[in-house]
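Below, each chain spelled out in residue letters.
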Amino acid sequence: LVATNDAGTAGATVSAVVGATPLPVVLNEIMAGPTRDGVLLDEDREASDWIELHNPNPFAVHAGGWFLTDDPLQPERWRIPTGTAIGPDGYLLVFASDKDRAVAGGQLHTNFKLSQEGEYLGLVGRDGSGVVDEIAPGYPAQFEDVAYGRVPGGGLGFFVWPTPGAANDTPPGPPGEIVGFTPPAGTFQGEVEVVLAVTSPTAVIRFTTDGSLPDEQSSAYVGPLRLTGPTLVRARSYDAGFAPGAVRSEAYLAIAPALAARTSDLPVVLVENFGGGAVPADRELQAAYLTLHQPPTPGGRTDLAAAPAAANRAGIKRRGSSTLYQPKGNYRVEFWQDGSEDDKDVGLLGLAAHDEWVLTAPYNFDRSLVRVSLVHDLSNAIGTYAPRSRFCEVYLNTDGGALGVGDYQGVYVLQERIARDDERVAVERLDAADIAEPAVTGGYILSIDRPDPEDQGFRSALGHPEDPAIADPQPFFNFVYPKEQNILPQQANYIRGYIDGLEAALYGDGFRDPATGYRAWLDVDPTIDHHILNVFAKNPDGLRLSTYLYKPRGGKLAFGPVWDFDRTMGCDDDGRPADPEGWDPPWETAQFFQYDYWGRLFQDP
């Protein structure tokens, strides 16, 4: 991208052409729709909206002090920083991300986003002195993977090939239609006929049935598709004078008659990977399709032959530590967009929409099937967030044939994954610009647990200075949010330093002092809740494994949310929580009132 940020050079260039009549800087190109491949990623590796300004003059033009706005009643909405210039016949790119970053020489981000439905956009002169350029009354509704802007020769139009930082291509027109599917995604027995359709008589529908994205070389649709096995159909339209339509993906899951005859008083999840084989346990997600079926009315029965309540592409992998390879697998599920592996928020069974979910498999350690859900529900009932869940039955098909009763996996807990979100762990988002206080102070999510092979994590500085007999005395922390591959050095150093500061206060002489002791660093109430729930359930993994902590911006560190209670409350295959007498479980575990920070904390009445 061409952008000159040296005010001295820009001034000299302008002064060399005194007397020339400058052409106005223009709003040249915008991206305000979803992007399949992230046409342009910002420094956070996110496909934010963007606005491109073009200076058509043979000399540089100062843009510092001008404003961008999406509201004609607020002309000074976001100010371009002083020292920003656009070079001769050059381009300046500003991300419309709502991240509000305005440092000359760095990536620029407005304090607003662009509406995909269309809205006003204006470039306003210094001190609100007048409109330099505008798209008024507003640009039209935008489309996936398509930009909008100035057409060579005049006017505005769509661009199927966005060109940030370069001259606009001749537009092919607006995107074509999204292909309609009849019937929609769902189950079938024996054979199903799928009809694809658009209204344009000149459009050609291109489709695939092998999971790949359709393009101009893919098969042309000429008549109904007759499917006899589980199939993912992906289609898009191509029409002269139009950009390709957005990709639509619908899956048709073949089920055997014996399975079709089954009903359940629980919701049922069907997972199909179209002959992909065993679900992997490594970091890569396997492409799959998930349909959720539920009773039509309270107290009713789930019918797998009826239309699903949710159906979507997904990535799936095994998860867990000691339970990773149990016959009844635990699975992480991440929902994907129709046309890409980008995240897609999906709401399930009344729980808030999100792209990340967990299918937890109670097995030998929890034959009651309810231990995890019970403790998580208790935590939410006392006002301390824990992942919410719903019970369901799961079928998993990996051989490419019809789903049958033999693909039954059992009763599962469909569960929210611990993640940063307003509806989950409600800490603030950390962006690349958040490297100094107060922004760098939050939010963070950490875990105390065994690290994955690729994770480095960190150990605290002090651990248990008073009890060297405790094995492995320094707790091991993993980065949960931001993820280790995303966290910046300044952010990692901050949270490490915060942990070290907490430990110094906790193990210092004045540790009970509310102003200078551990209370200045640790949020006591949720931490007490966390401890009570682990002790109540006599959790042998509690406090040392599957233990989470979070820190909001400007706030204190707290333990939570609670997680992983399958080996608790007298579980069958782990004798440690079985003895009803006493609080501390025996060997290879955390002594509840002595382990790690807790021994010191319980010295404070």
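Below you will find a few notes about this structure.

What follows covers the overall build of the protein. A tally of regular secondary structure across the protein gives six helices and 36 strands. Expressed as a percentage of its 605 residues, the buried residues of the protein come to 53%. Residue pairs at least 24 apart in sequence account for 63% of intrachain contacts in the protein once pairs closer than 6 positions are excluded. On the protein, roughly 25900 Å² of surface is accessible, and the fraction owed to carbon and sulfur atoms is 52%. Charged side chains of the protein number 46 positive and 84 negative; the gap between the two group centres comes to 3 Å.

Across all of its chains, the model carries 13 aromatic pairs by this definition. One aromatic cluster is present, built from ring pairs that chain together Y444, Y494, Y498 and W521. It is R567 that lies over the ring of F365; its NZ or CZ is 3.7 Å from the centre. Over the aromatic face of F511 sits the side chain of R600, whose NZ or CZ is 3.8 Å from the ring centroid.

In this section: the nonpolar core. The biggest cluster of nonpolar side chains holds 40 residues, and the ones touching the most others in it are F477 and Y597. Secondary structure elements with two or more residues in this core: β32 (444-448), β34 (476-481), α4 (489-506), β35 (547-551) and α6 (597-601). Counting residues per element, this core draws most heavily on α4, which supplies seven residues. Residues I51, L92, Y148 and V160 belong to the second largest nonpolar core, which totals 29 residues.

The full count for this structure, using the stated rule, is 24 salt bridges. Here E250 makes a salt bridge to R248, at a shortest N to O gap of 3.6 Å. We classify E250 as buried; its relative accessible area is 10%. By relative accessible area, which is 24% here, R248 ends up partly exposed.

Our next topic: the sheet that holds strand β1 (residues 26-31). A sheet is described by the order of its strands in space; here six strands give the open sequence β8-β7-β2-β1-β11-β12, paired in mixed fashion. A single partner strand is all that each edge strand has here, and the edge strands are β8 (108-109) and β12 (156-159). Pairing of strand β11 (residues 147-150) with β12 involves four bridges; the strand directions are antiparallel. Residue pairing in the sheet places R150 in a bridge with L156 of β12.

What follows covers a nonpolar patch on the surface. On the surface, a cluster of nonpolar side chains totalling about 440 Å² of accessible area is made up of L374, L378, I528, I532 and F536. The dominant element in the nonpolar patch, judged by the number of residues it contributes, is helix α5 (residues 524-536), at three residues.

Looking now at unusual backbone geometry. Looking along the chain, the bond that leaves T182 and enters P183 is cis, with omega of -5°. Here P183 shows up in the loop between β13 (180-182) and β14 (186-188). Following Y481, the chain continues into P482 via a peptide bond in cis, with omega recorded as -15°. By the secondary structure assignment, P482 is in the loop between β34 and α4. For D89, which is not glycine, the phi dihedral falls at a positive 45°. With respect to the element layout, D89 can be found in the loop between β6 (85-86) and β7 (91-96). For D89, a relative accessible area of 47% corresponds to the partly exposed category. Even without a glycine there, the phi angle at D100 is positive, about 55°. Mapped onto the elements of the fold, D100 is located in the loop between β7 and β8.

Analysis parameters
- Residues numbered from 1 in each chain as written.
- Predicted model: local features only at pLDDT ≥ 70, side-chain atom pairs only at ≥ 80, totals over all residues.
- Heavy atoms only, no water.
- Helix = DSSP H or I, 4+ residues; strand = E, 2+ residues; numbered from the N terminus.
- Buried < 20%, exposed > 50% of the residue type's maximum accessible area, 1.4 Å probe, protein only.
- Contact = heavy atoms within 4.5 Å.
- Areas by Shrake-Rupley, 256 points an atom, 1.4 Å probe, with all protein chains shown as cover.
- Lys, Arg positive; Asp, Glu negative; His and termini not counted.
- Charge placed at Lys NZ, Arg CZ, Asp CG, Glu CD.
- Phe/Tyr/Trp six-rings, centres within 6.5 Å; stacked < 30°, edge-to-face > 60°.
- Lys NZ or Arg CZ within 6 Å of the ring centre and 35° of its normal.
- Core = buried A, V, L, I, M, F, W, Y, C linked by side-chain atoms within 4.5 Å.
- Salt bridge = Lys/Arg side-chain N within 4 Å of Asp/Glu carboxyl O.
- Pairing = 2+ DSSP bridges.
- Patch = residues over 30% accessible without salt bridge, like charges linked within 9 Å, V, L, I, M, F, W, Y side chains within 5 Å.

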